[in-house]
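# Observations on the model geometry
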Amino acid sequence: MRTGDELVVCFNGSCPVCRAEIDHYRERAAAAPGLVFLDVAADPEGAARWGIAGDKGFRRLHAVDATGSVTSGIAAFTALWQRVPGYAWLASLMAVPLVRHLAGGLYERIAAPLLYRLHVRRQRRRLGGG
C-alpha cells in the first residue's frame, strides 16, 4: 500500500553495481519512512505500472513520487538523496545548474550506458549466448 509521501525507486537488481549501491541506500534509509525499492529484474510488472517496461528499467535509475510522476537519471538520484539520511548535501549540490549538468552528462553518457552494456553481456551469458 502506498502512502502519501512515498518515493518508489526502481533499480536493476540483476546489476551487481546497482544492487550494491541500492543496498547501501536501503541500509542508510532503514529508519526513513516513505522509501520503497523496486527491483525491475525481479518485478517487471510492478515497474511497468509506471511505464518503466522492457529494457527501460535496466538502462537507468527511475523514481516515482506520490503523484505518479516518474523521473530518471540524476533527477531520480536527487529525489532519493533527499530522503536518505546523510545525503541531503548531495541533493542540494544537484540544485547547482553546472553541477547537475555535469553529473547528468557523466551518468547519461558514461555510467548508465556502461552498466547497461554489462547487463546485456550478463544476460547473454546467462542465456548461453556467449
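Quick caveat, the model's predicted, so the values are computed rather than measured.

It is worth spelling out the overall build of the protein chain at this point. The number of helices and strands found in the protein chain is six helices and four strands. Secondary structure of the protein chain in N-to-C order comes out as β-α-β-α-α-β-β-α-α-α. A compact globule built from 130 residues should have a C-alpha radius of gyration of about 14 Å, and the protein chain, at 15 Å, falls within 12% of that. Its C-alpha atoms give the protein chain principal-axis dimensions of about 45 × 40 × 25 Å. The burial tally for the protein chain puts 38% of its 130 residues in the buried class. For the protein chain, long-range pairs separated by at least 24 residues make up 66% of all intrachain contacts whose partners lie at least 6 apart in sequence. With an accessible surface of roughly 7,500 Å², the protein chain has 59% of that area assigned to carbon and sulfur atoms. Counting 17 positive and 11 negative side-chain charges, the protein chain places the centres of these two groups 9 Å from one another.

Our focus in this paragraph is the pairing of strand 2 (residues 35–39). With five bridges joining them, strand 1 (residues 7–11) and strand 2 adopt parallel strand pairing. Looking across to strand 2, one finds that Cys-10 is bridged to Leu-38.

So, on to the environment of Arg-83. If you trace the backbone, Arg-83 turns up in helix 4 (residues 74–83). C-alpha separation for the pair Arg-83 and Gln-123, spaced 40 residues apart in sequence, amounts to 32 Å. Residues within four places of Arg-83 in sequence aside, it is in contact with Asp-5, Glu-6, Leu-7, Ala-32, Pro-33, Gly-34 and Leu-35. Among the polar contacts made by the side chain of Arg-83, one reaches the main-chain carbonyl oxygen of Asp-5 at a distance of 2.8 Å.

This brings us to the pairing of strand 1. With five of five residues buried, strand 1 lies mostly within the body of the structure. Residues of strand 1 alternate between two faces, with Leu-7, Val-9 and Phe-11 on one and Val-8 and Cys-10 on the opposite face, all of them buried. Between the parallel pair strand 1 and strand 2, the chain is carried across by helix 1 (residues 16–28), and the sense of this crossover is right-handed. Examined bridge by bridge, strand 1 and strand 3 (residues 62–64) share three bridges and lie antiparallel to one another. Its bridge partner lying in strand 3, Val-8 is registered against Val-64.

Strand order across the open sheet formed by four strands is 2-1-3-4, with mixed pairing between neighbours. A single partner strand is all that each edge strand has here, and the edge strands are strand 2 and strand 4 (70–72). Taking each pair of neighbouring strands and ignoring which way they run, the sheet shows an average axis angle of 25°. In the sheet, strand 3 pairs with strand 4 via three bridges, with the strands oriented antiparallel. Looking at strand 4, one finds that Ala-63 is bridged to Thr-71. With respect to the sheet, helix 4 is in contact with strand 1, strand 2, strand 3 and strand 4, its orientation differing from that of strand 4 by roughly 105°.

This part covers the side chain of His-62. On the secondary structure map, His-62 appears in strand 3. Polar contacts involving the side chain of His-62 include one to the main-chain carbonyl oxygen of Arg-60, which spans 3.0 Å. The contacts of His-62, once residues within four sequence positions are left out, are Val-8, Val-9, Cys-10, Ile-52, Lys-56, Gly-57, Val-70, Thr-71, Ser-72 and Ala-76.

Cut-offs used in this document
- Residues numbered from 1 in each chain as written.
- Predicted model: local features only at pLDDT ≥ 70, side-chain atom pairs only at ≥ 80, totals over all residues.
- Heavy atoms only, no water.
- Helix = DSSP H or I, 4+ residues; strand = E, 2+ residues; numbered from the N terminus.
- Rg over C-alpha atoms; globule rule 2.2 N^0.38 Å.
- Buried < 20%, exposed > 50% of the residue type's maximum accessible area, 1.4 Å probe, protein only.
- Contact = heavy atoms within 4.5 Å.
- Areas by Shrake-Rupley, 256 points an atom, 1.4 Å probe, with all protein chains shown as cover.
- Lys, Arg positive; Asp, Glu negative; His and termini not counted.
- Charge placed at Lys NZ, Arg CZ, Asp CG, Glu CD.
- Pairing = 2+ DSSP bridges.
- Polar contact = N/O pair within 3.5 Å; in protein donor to acceptor, adjacent residues only side chain to side chain.
- Right-handed = clockwise from strand over helix to strand, strands pointing away.
- Axes fitted to C-alpha atoms, helices over the stretch in contact; angles between N-to-C directions.

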